[in-house]
Structures are given as C-alpha cells and as structure tokens.
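# Examining the three-dimensional arrangement
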Amino acid sequence: MSAVRDPRPLTGEPLALDLLNTRWNREGVTQDLLADTDGLAVWLASNGLGGAHPADAEVLRHLREAREALAAAVHGSPREAAPLVDAVLAHGRIRARLTADGPAEEPEFAVPSWGPAWLAARDYLDLLGRAPERIRTCSGGGCILHFFDTSRNGTRRWCSMAACGNRAKASRHYARSKEG
C-alpha cells in the first residue's frame with residue numbers, strides 16, 4: 001500500500017468513474033495521476049487493488065487503454081465506444097462457483113496485468129445496468145470530473161458542493177449583485 005496521499009479532488013466514486021477521475025484540472029492545467037507508475041500505485045491503493053496487482057508499466061498501459069475506452073463511452077457515441085470497451089473486457093471473465101458460503105462469482109484474467117482495467121470496464125457495465133442516466137460529468141466550469149449521482153431525486157450537478165457547487169453559487173451571486 002502506498003504511503004503517498006491521493007492528490008485528486010474527488011475520490012470514492014465507483015471504480016469506472018474513479019478511473020476517469022485520474023485526470024482532473026487544477027488551476028486550468030490538466031493533471032494525470034496515471035502519468036507514471038508512482039501515480040498508478042496511488043490509484044491501486046486508493047481502490048483496494050494494491051496488494052493484488054503490481055504498479056508496473058504493463059498494468060499502467062492497460063489502465064490507460066481502459067480509461068480512454070471509458071471516456072469514449074461516457075462522452076461519445078455508444079456505437080463507437082462499444083468496441084473499445086469490449087476490447088478491454090475481452091481480457092477477463094466472471095467465473096461462477098459454489099463455495100462453502102454459497103454461490104460466488106469471481107473475475108478471472110488470462111493475463112493478470114489486465115485485472116484493474118477489466119474490473120473498471122466491468123464496473124462501467126454494472127453502472128449502465130443500474131442507472132445510466134446517473135453517470136454524470138461535473139457542471140462546474142472547467143471541471144472534468146465524473147460522478148455517479150446517488151442523490152434521492154437524481155439532480156446532483158457538481159462533483160463537490162464544497163468546490164464546484166460553491167463556485168457556481170458564488171458566481172451567480174456576483175452576477176446578481178452586478179445587475180442590481
């Protein structure tokens with residue numbers, strides 16, 4: 001587990017969206033947690049995958065491929081994105097088993113370095129099955145973060161009320177005070 005703190009402004013989203021959130025803007029400059037294997041180690045640890053998967057160049061390459069596929073799926077046309085997501089999903093499968101505790105499903109990978117990428121792509125399918133309309137991009141100007149809207153009425157607009165939401169409210173207040 002990495003001792004380095006996760007520098008991202010939004011963590012804890014479902015795995016697919018958390019992978020997309022490895023890119024964020026800080027003062028107008030795009031940051032990339034997956035720029036190197038040190039950042040990969042932070043991401044793996046943040047998602048409880050650090051012990052099961054090494055933070056090496058191969059895992060990093062596969063995760064970047066999955067991130068591009070998921071970005072295409074979230075922002076592009078499903079027809080164009082489906083083959084990209086499917087290409088990542090082709091590297092693993094769910095194995096059904098009967099255990100002493102009852103039925104279980106576990107992922108299997110022909111090449112273990114595809115594990116984190118496959119898990120993120122699979123998570124995206126789960127989100128689509130649950131509530132695709134609740135996969136959102138922050139409405140904050142210049143913010144590129146993603147979240148799964150778990151609010152009761154499904155009207156969440158910002159990655160964080162404390163950051164982007166507060167900036168939007170302050171901007172509206174300033175605009176009203178200039179009009180008056």
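Bear in mind the structure is a predicted one, so any value in this text is a computation, not a measurement.

With that settled, consider the overall build of the protein chain. The secondary structure content of the protein chain amounts to six helices and six strands. Of the regular secondary structure in the protein chain, the N- to C-terminal order runs α-β-β-α-α-α-β-β-α-β-β-α. Across the 180 residues of the protein chain, 37% fall into the buried class. For the protein chain, the share of sequence-separated contacts (at least 6 apart) that also reach a separation of at least 24 residues comes to 47%. Accessible surface computed for the protein chain: about 10300 Å², of which carbon and sulfur atoms make up 52%.

Along the polypeptide, Ser113 turns up in the loop between β4 (102-109) and α5 (115-130). Side chain to side chain, Ser113 and His62 meet in a polar contact 3.2 Å long. Apart from residues no more than four positions distant in its own chain, Ser113 is found in contact with Glu58, Val59 and His62.

On to the packing of helix α4 (residues 78-89) against α5, then. As a packed pair, α4 and α5 sit with axes 8 Å apart at the nearest point and diverge in direction by 130 degrees. If you check the angle between α4 and α5, you find them oblique. In the crossing of α4 with α5, the sense of the turn from one axis to the other is left-handed. Contact with α4, carried on its side by Val85, Val88 and Leu89, involves Ala117, Trp118, Ala121, Arg122 and Leu125 of α5 and no other residues of that element.

Right, let's get into α5. Here α5 spans 22 Å end to end across 16 residues, near enough to the 22 Å set by a 1.5 Å rise per residue. Burial in α5 covers these residues: Gly115, Pro116, Ala117, Trp118, Ala120, Ala121, Asp123, Tyr124 and Leu127.

Counting across every chain of the model gives twelve salt bridges. The partner of Arg67 in a salt bridge is Asp32, with the nearest N and O atoms 2.7 Å apart. Within this pair, whereas Arg67 is found in helix α3 (residues 57-75), its partner Asp32 is found in strand β2 (residues 29-32), the two being separated by 35 residues in sequence. The shortest N-O distance in the salt bridge between Glu106 and Arg97 comes to 2.9 Å. For Glu106, a relative accessible area of 28% gives the class partly exposed. When its relative accessible area of 34% is taken as the criterion, Arg97 is described as partly exposed. Look at the salt bridges and you will find they share partners, linking Arg93, Arg95, Arg97, Glu106 and Glu108 into a network.

Quick look at the pairing of β2 now. As defined by bridge partners, strand β1 (residues 23-26) adjoins β2 across four bridges and the pair is classed as antiparallel. Residue Arg23 lies in a different strand from β2, and its bridge partner there is Asp32. With antiparallel pairing between neighbouring strands as the criterion, β1 and β2 make up a hairpin whose turn holds two residues, including Glu27 at a positive phi of roughly 50 degrees.

Our next topic: unusual backbone geometry. Non-glycine residue Glu27 carries a positive phi angle of around 50 degrees. Within the fold, Glu27 resides in the loop between β1 and β2. For Glu27, a relative accessible area of 80% corresponds to the exposed category.

The rules behind the values
Residues numbered from 1 in each chain as written. Predicted model: local features only at pLDDT ≥ 70, side-chain atom pairs only at ≥ 80, totals over all residues. Heavy atoms only, no water. Helix = DSSP H or I, 4+ residues; strand = E, 2+ residues; numbered from the N terminus. Buried < 20%, exposed > 50% of the residue type's maximum accessible area, 1.4 Å probe, protein only. Contact = heavy atoms within 4.5 Å. Areas by Shrake-Rupley, 256 points an atom, 1.4 Å probe, with all protein chains shown as cover. Polar contact = N/O pair within 3.5 Å; in protein donor to acceptor, adjacent residues only side chain to side chain. Axes fitted to C-alpha atoms, helices over the stretch in contact; angles between N-to-C directions. Parallel < 35°, antiparallel > 145°, perpendicular 65-115°, else oblique. Left-handed = near helix turned anticlockwise from the far one by under 90°. Expected span 1.5 Å × (residues − 1). Salt bridge = Lys/Arg side-chain N within 4 Å of Asp/Glu carboxyl O. Pairing = 2+ DSSP bridges.

Keep in mind these numbers describe shape, not what the thing actually does.
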